[in-house]
Every structure is written in C-alpha cells, then in structure tokens.
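Take a look at the letters that make up each chain.
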Amino acid sequence: MTNIQQILDKPNVAVITGGASGIGLAAAKRFAKAGMSVVIADLGGDRLAAARGELEAVAGTQRVMAVETDVSDRSSLETLEKSVVQRFGRVHVLMNNAGIGPETSIFSAQADWDSILGVNLLGVINGTRVFGPNMLAHGEPGLIINTGSKQGITTPPGNPAYNVSKAGVKVFTEALEHELRNREGSKMSAHLLIPGFVFTGLTKGDRTEKPAAAWTPEQTVDFMIESLKRGDFYILCPDNDVARQVDERRMAWAIGDIIENRPPLSRWHKDYADRFKAFLEEKR
Ligand code: NAD
C-alpha cells in the first residue's frame, strides 16, 4: 500500500503552505474531505480567514487550523510547527506549496529576486527542515509534497528568478526523496508536484473566467492524489493545452542542449526553431 493510502485511511494531519488559495486550498479541502485534520499556513488577512471558513464548512472547527505564516522566514515556520504539534501532536503530510511569481529579469530589482527565492525556494527547504525531524521521529507514514514547476525543468526565458527557484525545488526534492528512502526505519516519501497551467491567484491576472487551456485547482489535486496512489515521485500534470507527450519532448529537448552541445535554451533560439519543431513532431 502506498503512503497516501495508509495516511488517508486514518484521521491524520496535513499542513499546507499557501493553503489559503488556488492549488493549496483545493488540496486542503481534499484532505479535509478524506477525514484528515488540516492546517493552512499562509500570509494573514481576509484571504486566510475566508479559506478557514471554507474548510470549516467541509470539516467543522475541530479539524481545521489556519496560521498566519511567512514561509520565507524560518522563525515563522518554527512557530507554525510548534503550534501544530501542540494542537494535533503529529504531522503526516507536509505540502510546501506557497509560491509567488512577480516578473523578474536578470538585472531587475534585488528585492524581487530575494522575495522569489525566499518564498519559493527557501520556503520549501526550510519547511522541510523544520517539519521533517518530528515527522521522521514519530515513525508513522508521512509525505512531503513540494510544488515545483515545469519552468524549473525546461526553464523558458521570461522569469529567471522564478525558474531558478523552481529548479532548486526540483533538485532539493529529489535529494530529499533519496534521503528518505535510504534512512533506516523511515516510512516517509517525498514527491514533486509539477502543475501545468492552473487557473489560480498566481495566473489569473485580470481574468475572471478560466481560460480553456487551464486546469482548475481541483483537477490538479485529483491528479496529484491519483499519482500519489501510484507512488509517483514526479507528479507531472498535463493541462487542456499540453499533453504529457508534449512535456516529455520539451524536457528531452532541454536536456539535449547539454548532450548535443547546443546553446542553452535552444528551443527559443532562432537557429534551432525548425529542428525543435521537427523534434516535437518525431514519433518517440
Ligand atoms: P495562488 O496565488 O492561488 O496561491 C499561492 C498562495 O501562496 C497564496 O495564498 C499566497 O498568499 C501564498 N503565499 C505567498 N507568499 C507566501 C509567504 N511568504 N508565506 C506563506 N504563504 C505565501 O497560486 P497557486 O497557483 O495555487 O500556487 C501554488 C503553487 O503552485 C506555487 O508554488 C506556484 O508556483 C505553483 N505553480 C502554479 C502554477 C499555475 O499555473 N497556477 C503552475 C506551476 C506551479
């Protein structure tokens, strides 16, 4: 039986950062519906209060906790961990999911680089390092799900700080899984959630209606749960525009830059446009 099945079968505890909106809130609802106690950790304010209300409507007040947390600040994560352990005793699912995506360029404001790396990358690293030791020590099955991005794998031009942060999440989570599976007595596993295009606070902009290409947060979470049930580490989500096969070709081309000694990001290099197009259309 996979970890997720054993965890969902009992009234266990899930902590979700960035849990007041989008993918995180959908995951919190899904875990709450399964009977788990859920803790959403997010920046405070109305959004967190509203999300708590939505969760309480699903699960009642006893199984829901909302904690104002800034994941870019390690001491805020430590306070969160202490208060969760105090209230619920043990944590079984940690979803390091909080993320931001302000536009950056290589030489744009220092503050943008600092905040993206602080939230998206250090938030994941420190979330794991703060919660991990007690999750391992209690000895029950546990999961750490870190939300990465395709942008951390194929690293398209446009937002280098975001790409760097998500590439770091991928590398960290791979190392984490290696550590967990080789630790004596560990019943924990790590998983990298790689969403496609999902209609959330991050991608909405001025739009009020979901574009046809995007998935909903709920679809993404359904896909995540099915993947976890299979025991997948890489939870590579499609969307309504991009099928898994297209992602596979894009990723193969990206690693091919090194193997074939092409320039980096050759997918967006004018001299390689035709070759990339032909590669995409090649049968595998
Ligand atoms: P969202 O904006 O709806 O949710 C992100 C949440 O993170 C928000 O509630 C926000 O308040 C919270 N947050 C931001 N900074 C924080 C901080 N310092 N401390 C605590 N919480 C903080 O967006 P979403 O799309 O649901 O994002 C969830 C994750 O999915 C992110 O890591 C994002 O990078 C990733 N992702 C999203 C997409 C997509 O298409 N939406 C694609 C790939 C990856």
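Note that the coordinates shown come from a computational prediction; the quantities given were computed from them, not determined experimentally. (Residues numbered from 1 in each chain as written. Predicted model: local features only at pLDDT ≥ 70, side-chain atom pairs only at ≥ 80, totals over all residues. Heavy atoms only, no water.)

Novice: Help me understand the nonpolar core in this model?
Specialist: Generally speaking, a soluble globular protein has its nonpolar side chains buried in company with each other. Judged by nonpolar contacts, the single largest core of 35 residues is most densely connected at Phe31, Leu55, Val93, Met95, Ile145, Leu193 and Met224. Beyond its immediate sequence surroundings of up to four residues, methionine 95 is in contact with Val15, Ile16, Thr17, Ile23, Ala27, Ile145, Thr147, Leu193 and Met224. Grouped together as the second largest cluster of nonpolar side chains are 31 residues, Val15, Leu94, Ala98 and Leu176 included. (Core = buried A, V, L, I, M, F, W, Y, C linked by side-chain atoms within 4.5 Å. Buried < 20%, exposed > 50% of the residue type's maximum accessible area, 1.4 Å probe, protein only. Contact = heavy atoms within 4.5 Å.)

Novice: It is not clear to me how the environment of leucine 180 should be interpreted in this structure. Could you clarify?
Specialist: With respect to the helices and strands, the residue leucine 180 is situated in helix α6 (residues 160–182). Those residues in contact with leucine 180, other than ones at most four positions away along the chain, are Leu136, Ser186, Met188, Ser189 and Ala190. (Helix = DSSP H or I, 4+ residues; strand = E, 2+ residues; numbered from the N terminus.)

Novice: Any chance you could explain the packing of helix α4 (residues 74–88) against helix α5 (residues 110–137) here in plain terms?
Specialist: Two quantities define a packed helix pair, namely the angle between the helix axes and the distance between the axes. Taken N-terminus to C-terminus, the directions of α4 and α5 make an angle of 35°; their axes are 10 Å apart at the nearest point. Crossing of α4 against α5: the hand is right-handed. Facing α4, whose interface residues are Arg74, Leu77, Glu78, Leu80, Glu81 and Val85, α5 presents Gly123, Asn126, Gly127, Arg129, Val130, Phe131 and Asn134. Of the residues assigned to the contact of α4 with α5, the class counts are five nonpolar, four polar and four charged. (Axes fitted to C-alpha atoms, helices over the stretch in contact; angles between N-to-C directions. Left-handed = near helix turned anticlockwise from the far one by under 90°. Nonpolar A, V, L, I, M, F, W, Y, C, P; charged D, E, K, R; others polar.)

Novice: How do you make sense of the layout of surface pockets when you look at a structure like this?
Specialist: Unfilled space is identified by rolling a water-sized probe across the atoms. Volume-wise, the largest pocket comes out at about 1200 Å³. Every residue lining the largest pocket is counted, 44 residues in all, and those nearest its centre are Gly99, Tyr162, Thr200, Leu202 and Thr203. Only α2 (22–33), β2 (37–42), α6 and α8 (244–259) provide two or more residues apiece to the lining of the largest pocket. Its residues placed into classes, the lining of the largest pocket shows 17 nonpolar, 18 polar and nine charged. Taken domain by domain, the makeup of the lining of the largest pocket includes at least three residues from each of domain 1 (4–241) and domain 2 (243–284). In this model, the second largest pocket occupies a volume close to 210 Å³. In this structure, the second largest pocket is lined by 14 residues; those nearest its centre are Ile153, Thr155, Ala254, Ile255 and Asp257. The residue inventory of the lining of the second largest pocket, partitioned by class, reads nine nonpolar, two polar and three charged. Residues from two domains meet in the lining of the second largest pocket; each of domain 1 (4–241) and domain 2 (243–284) gives at least three. (1 Å grid on protein atoms, 1.4 Å probe; cavity = no way out; pocket = protein on both sides within 12 Å on 5 of 7 lines; lining within 4 Å. Points joined across faces, edges and corners; volume = space filled by probe spheres on them. Domains from an automatic or database assignment.)

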